There are 2 protein chains.
Amino acid sequence: MTNKATIEPRDPSSPPAKLSQRWRWASKGMIGFLMQQGVENPDVISLAAGLVDPGSLPVSTTRSAFQAMMADDALARTALQYGTTSGAMRLRKQLVSHLANREGMSPDDPRLGTDRFVLTTGSQQLLSLVAEVLFDPGDICLVASPTYFVFLGVLDGVGARAIPVATDENGMQPAALESELQRLKGVGELDRVKLVYLVSDFENPSGYCLSDDRRQAVLEIARRWSREHRLFVLEDAAYRELRYDGSPQTSLLNMDPDGEHVIHAGTFSKSFSPGLRVGFGVVPADLHQAVCVRKGNEDFGSANFNQHLLATVFEQGLYGPHVESVRDAYRVKRDAMLTAADRYFSDIPGVHWMHPEGGLYVWMSLPEEIATGFDSELFHHTVHETGMMYVPGEICFASGDPNGDDRPTNHMRLSFGVQDPAGIDEAMKRLATSVRAMR
Amino acid sequence: MTNKATIEPRDPSSPPAKLSQRWRWASKGMIGFLMQQGVENPDVISLAAGLVDPGSLPVSTTRSAFQAMMADDALARTALQYGTTSGAMRLRKQLVSHLANREGMSPDDPRLGTDRFVLTTGSQQLLSLVAEVLFDPGDICLVASPTYFVFLGVLDGVGARAIPVATDENGMQPAALESELQRLKGVGELDRVKLVYLVSDFENPSGYCLSDDRRQAVLEIARRWSREHRLFVLEDAAYRELRYDGSPQTSLLNMDPDGEHVIHAGTFSKSFSPGLRVGFGVVPADLHQAVCVRKGNEDFGSANFNQHLLATVFEQGLYGPHVESVRDAYRVKRDAMLTAADRYFSDIPGVHWMHPEGGLYVWMSLPEEIATGFDSELFHHTVHETGMMYVPGEICFASGDPNGDDRPTNHMRLSFGVQDPAGIDEAMKRLATSVRAMR
C-alpha cells in the first residue's frame, strides 16, 4: 500500500513519474490489497469478495434477450453504435416503469422523469460522479458508521472529509446527524457539508436498514440544514431488491416531496449480472446536467450495447422471474451462514452478529480485545493457518478523529455471495477455529 | 453552455446546489451543444457526429462470438461475473498478440506485457484516467494544434493548461516543441509540464499523421526534457487501424526503448463497435498502478462481459476480416467526400482541404474572413438554411494566449463516418452553398 508522491521507474536512467495530489489521496484504497491476498492464497475460502452467486448468473436469460435484440437488425445496429452520455432512452423508459412499480410511484411522477436518469458503469460510477461534481478538497460528507468502504476511498480520492454519524440496527441516528450538523455550524464548517451518504437497504457491511421514521427524519434534517446551498442525501440502493424476509421501507426517493434532495443510486450488478456493469442514478433535475458533463469527460457514455440488452430483458418480461430466483438462492445462503454462526460461535463469549433480512453480508463483532485488521494476528491466522478470508470491519469506518484513529477494530464483514452453503459452513468453521486461537 | 458555480433548483424553496471547482472547469465542454443542435434540427445532414458507419457494424460477427462464448457455460458465467479493475486477462493476452503482430514487436517484449494493459470504457476513459493521475491544477500538457477537442475538455476538467505546439501535414513540429519547452524553462514552469498529447495516426480533426522522423524526434525531446520528473508522450492511436492507402508509421510505443515514456491509447470503437465501449491503454509499468487505483475509485472495472466477448472475437479469428471490411467501407466514403469537395469547392477561392490516408475526417480551411464557430453566420446558415452540420475548427485548438483567444476561426472538421456516399455528396453541396452565401 504505497502512497508516494512519485514512483520510480524500472529503468534507473528515467526520472520518476510525478503524480497528482488527487492520485496520492486515492492511493489509500484497500481493495487492491484484499484482491492481492486472494490471488496469492488461492486455497483460502473467501468470505471477503463482493462477487455474486455464480450459480444464479443469468446465462439463459441473457441468451434469450440477446437473440431477441439481434434478430431486429435496426435494433442490433443501434446497440452496436455509440449511445449518449446519459444512456439509452429505451432502458431509461423501462427503468421509469420498473421503479414506479417497485416504489409505488406514478410513472408520470416528475421525480421519475427519464431526464433524471443517468446510466453508469455500475452504480460505483454514479457514486464517483456525484463526488466529483459536489466536493472540493476539504468539503464534508456525513456517512453511516460503518458504511461502504469503497465510497470512503472515493471521498479520499477527491480530498473530501468523511465524518461518521452514529448508526445502529435501524440505520443512521437522526439525533446524531442533527448534533453533528450543530457542531459543524459551531466550528464554522456548515458551508463545507454537501452530502449525507448511506446504503439505505442492507447497508454494506452491516446489513442495517434505515427505518421508515428515520428516513423521514434524515430527509427533514437535510432539508432544514440546506442553508446557503443544498444538502443532498445519496441513497445507495444497491441491495434494495435483495430482500429475503420482511417488508421494504419506503425509498428516500419517494419521500422527497420536491425531488430536490435525494440522489438515488441503483445497479443491476447484484440483481442480474455484474459483468454487464449497468448501474444508474436518479438525480435531482439541476444536478443531472452537472453529472452528465463530468461523465462526458470520463467516458461520454457507458456501454450502449449492455443498456439495450438489459432493456430487452425488461421488455421480454425476463427481469422479474430472474430476480426472484436470485433472492431464493441468496436466502438459502444467508440461512446457511446464520446457521453456521450459531453452530460455531454461540459458545464463544463476546461474539455477536446481525441477522440481515437481505443483502449479501453478515456483520460480526468480536470482543474488543480481538483485532481483525489486515495487520492483526487474526487476519494472518485465517489467511495462512485455517484458510479463509473476511473483510476487516475497520476499513468500513470513517475516522471521527482527524488527529488520530478511533475506528473500532473488532468487526468483520462476512459475505455469503460467492460460496455455496457447504463452503460457507466450512469457512465459518475455520473462522471460529481462528477466533478461538486468539483467546 | 452555462458555467455557473451554483445551479438553481426548479423548486424556488430549495437553496441552490453548490458544485465543485472541477465541475466548473469541466462545464466548458462543447459536445453537449453539438448534440443538442443535432437533436433540435433532425433534418440536417450531419458531418459533425463522430459516430461510425452503421452499415459496417459487426452484427453477424457479434452474434457468432456471443454464441461461441455462451456455449461454454463456465466462460458464460465468468463473463457475467465481476471482472478486475485492469480488465479480463483473456482479452489482454489477445491484445498482446494483436499489437505484437500489428507493430512488428515480439509478443514477449516486456513493453507489451499483460501487466501494462488496462482495459477501459472506450479509449476516452484511458485519456481521462491519465489526466487524473498526472495533472494538478495549473500543470501543463503540450498538445498538437489542432487536436482532439474532447481531450481539451478533459484537461479543462482537471484544471490543466493545454499549450498548443505548431503542427503541419507531418504532425507536431519537433522544433516548435523544443522551443516551447525552452520557453517554459525560461519562465520557470518546466516542472509543471507532464505530458505531450497527440493523435499519432490521422489526427482528429486534421487527418495528419506524425511522420516517422518526427516520432523519433518527439520521443527524444520527451526523454531529454525529463528532468526532475518524467515527461510522458500520450500516443492516441484511436484511428491507427483505419488506414485506406499508404504505409503505416512505426508506433511511438515501439520506438520507446525502455517503455518508460509512451502511453499508448487504443480502442475498438472505430474498428469494431463503439456500443461495446472497449478501449485500452498500454501504460509504462510504474504508471499502471496509479491508473488502476484511480479506475478503482471510478468504476472498479469496465464491463467484463464485453471484454470476454471481444476476446472471443479474436480467438475465433473474426477480428481481422471485420476490420478489412470496415476499411473498405470507409475508403469509399473518404473518396466520396474528396470527390464532392473537388466538385463543389474547387472554384471557391481560398478553400483548401486535406486528403487523409485514413481516419474519419476531412479538415477544410476557408478564407480567414469566414468564421465557422457556433456563433458564426456560416454555422447558423448551414444548420437553419441549407441543412447540414460540421464541427467548427476553433474548438479543436488550445489557445496559446492565456489572456486572449488566438485560435484560428476559419476551419471545419467534416466527418465521413455516418453518412452514406449520397448523403456525403448532398451535405458537401449544401455546405458549399452556405460558404458561397458568406462571400
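Check the entry above for the structure.
All values reported here derive from a predicted model rather than from experimental measurement.

What counts, and at which threshold
Residues numbered from 1 in each chain as written. Chains lettered and ligands numbered in written order. Predicted model: local features only at pLDDT ≥ 70, side-chain atom pairs only at ≥ 80, totals over all residues. Heavy atoms only, no water. Contact = heavy atoms within 4.5 Å. Buried area = accessible area lost by both parts, 1.4 Å probe. Salt bridge = Lys/Arg side-chain N within 4 Å of Asp/Glu carboxyl O. Polar contact = N/O pair within 3.5 Å; in protein donor to acceptor, adjacent residues only side chain to side chain. Helix = DSSP H or I, 4+ residues; strand = E, 2+ residues; numbered from the N terminus. Nonpolar A, V, L, I, M, F, W, Y, C, P; charged D, E, K, R; others polar. Buried < 20%, exposed > 50% of the residue type's maximum accessible area, 1.4 Å probe, protein only. Expected span 1.5 Å × (residues − 1). Pairing = 2+ DSSP bridges. Arc of directions from axis to C-beta. Phe/Tyr/Trp six-rings, centres within 6.5 Å; stacked < 30°, edge-to-face > 60°. Lys NZ or Arg CZ within 6 Å of the ring centre and 35° of its normal.

## Considerations on the interface of chain B and chain A
And step 1. Each partner contributes residues to the interface: chain B has 95 residues there, and chain A has 95 residues.
And step 2. Regarding the contact of chain B and chain A, the summed buried area is about 7,700 Å², with carbon and sulfur atoms giving 55% of it.
And step 3. Together, Leu80, Tyr82 and Asn297 of chain B form the three largest contributors to the area buried by chain B at its contact with chain A, with a combined 10%.
And step 4. Scanning the region where chain B abuts chain A turns up four salt bridges.
And step 5. Glu132 of chain B is paired through a salt bridge with Arg22 of chain A; the nearest N and O atoms lie 3.2 Å apart.
And step 6. Put simply, chain B and chain A have 48 residue pairs in polar contact (both at pLDDT 80 or more) between them.
And step 7. Every element with two or more residues in the side of chain B that touches chain A is listed here: β2 (17–18), α1 (21–26), α3 (59–71), α4 (73–80), α6 (122–134), α7 (149–157), α11 (285–298) and α12 (304–315) of chain B.
And step 8. Across the side of chain B that touches chain A, the residue classes tally to 38 nonpolar, 32 polar and 25 charged.

## With respect to the side chain of Asn297 of chain A
And step 1. Its location among the elements puts Asn297 of chain A in helix α11 (residues 285–298).
And step 2. According to the relative accessible area criterion, Asn297 of chain A is buried, its value standing at 8%.
And step 3. Apart from residues no more than four positions distant in its own chain, Asn297 of chain A is found in contact with Ala26, Gln124, Ser128, Gly153, Val154 and Gly157 of chain B.

## Remarks on helix α5 (residues 89–103) of chain A
And step 1. In this model α5 of chain A runs 21 Å from its N-terminal to its C-terminal C-alpha over 15 residues, within 8% of the 21 Å that 1.5 Å per residue would give.
And step 2. One or two residues past the end of α5 of chain A sits Gly104 of chain A, with phi positive at roughly 65°.

## Overview of the pattern of salt bridges
And step 1. Within the structure shown, the criterion is met by 70 salt bridges over all chains.
And step 2. A salt bridge links Asp335 of chain A to Arg334 of chain A, with the nearest nitrogen and oxygen atoms 2.8 Å apart.
And step 3. A relative accessible area of 34% places Asp335 of chain A in the partly exposed class.
And step 4. A relative accessible area of 4% places Arg334 of chain A in the buried class.
And step 5. Taken together, the shared-partner salt bridges in this structure form one network comprising Arg22, Glu132, Arg294 and Glu298 of chain A together with Arg22, Glu132, Arg294 and Glu298 of chain B.

## Describing the pairing of strand β13 (residues 361–365) of chain A
Residue and element names in this part refer to chain A.
And step 1. Counting buried positions along β13 gives five out of five residues, so the element sits mostly inside the fold.
And step 2. Every second residue of β13 is oriented toward a common face, with Tyr361, Trp363 and Ser365 on one face and Val362 and Met364 on the other, all of them buried.
And step 3. In the sheet, strand β12 (residues 352–353) pairs with β13 via two bridges, with the strands oriented antiparallel. Its bridge partner lying in β13, His352 is registered against Ser365.
And step 4. As paired elements, β13 and strand β16 (residues 411–415) share five bridges and run antiparallel to each other. Across the sheet, Met364 pairs through a bridge with Met412, a residue of β16.

## A closer look at helix α9 (residues 212–224) of chain A
Residue and element names in this part refer to chain A.
And step 1. Between its terminal C-alpha atoms α9 stretches 18 Å, which fits the 18 Å expected from 13 residues at 1.5 Å a residue.
And step 2. For α9, the full list of buried residues reads Arg214, Arg215, Val218, Leu219, Ile221 and Ala222. Projected down its long axis, α9 shows its buried positions confined to an angular sector of 160°, all on one face.

## Thoughts on the pairing of strand β4 (residues 117–121) of chain A
All names here are of chain A.
And step 1. By the criterion of burial, β4 is predominantly enclosed, with five of the five residues buried.
And step 2. Judged from the five bridges that link them, β4 and strand β11 (residues 278–282) form a sheet pairing that is antiparallel. Paired with Phe117 across the two strands is Val282, which belongs to β11.

## Concerning the packing of aromatic side chains
And step 1. Using the criterion set out here, one finds 33 aromatic pairs over all chains in the structure.
And step 2. Ring centres 6.0 Å apart and planes at 35° place the aromatic pair Phe117 of chain B and Phe280 of chain B in the tilted group. With Phe117 of chain B in strand β4 (residues 117–121) and Phe280 of chain B in strand β11 (residues 278–282), this residue pair connects regions lying 163 residues apart in the sequence. We note that Phe117 of chain B, like Phe280 of chain B, is buried.
And step 3. In textbook terms, an aromatic cluster arises when at least three aromatic residues are bridged by ring pairs, as seen for Phe117, Phe268, Phe272, Phe280, Phe314 and Tyr319 of chain A.
And step 4. Seen from the ring of Trp225 of chain A, Arg227 of chain A lies directly overhead, with NZ or CZ sitting 4.3 Å from the centre.

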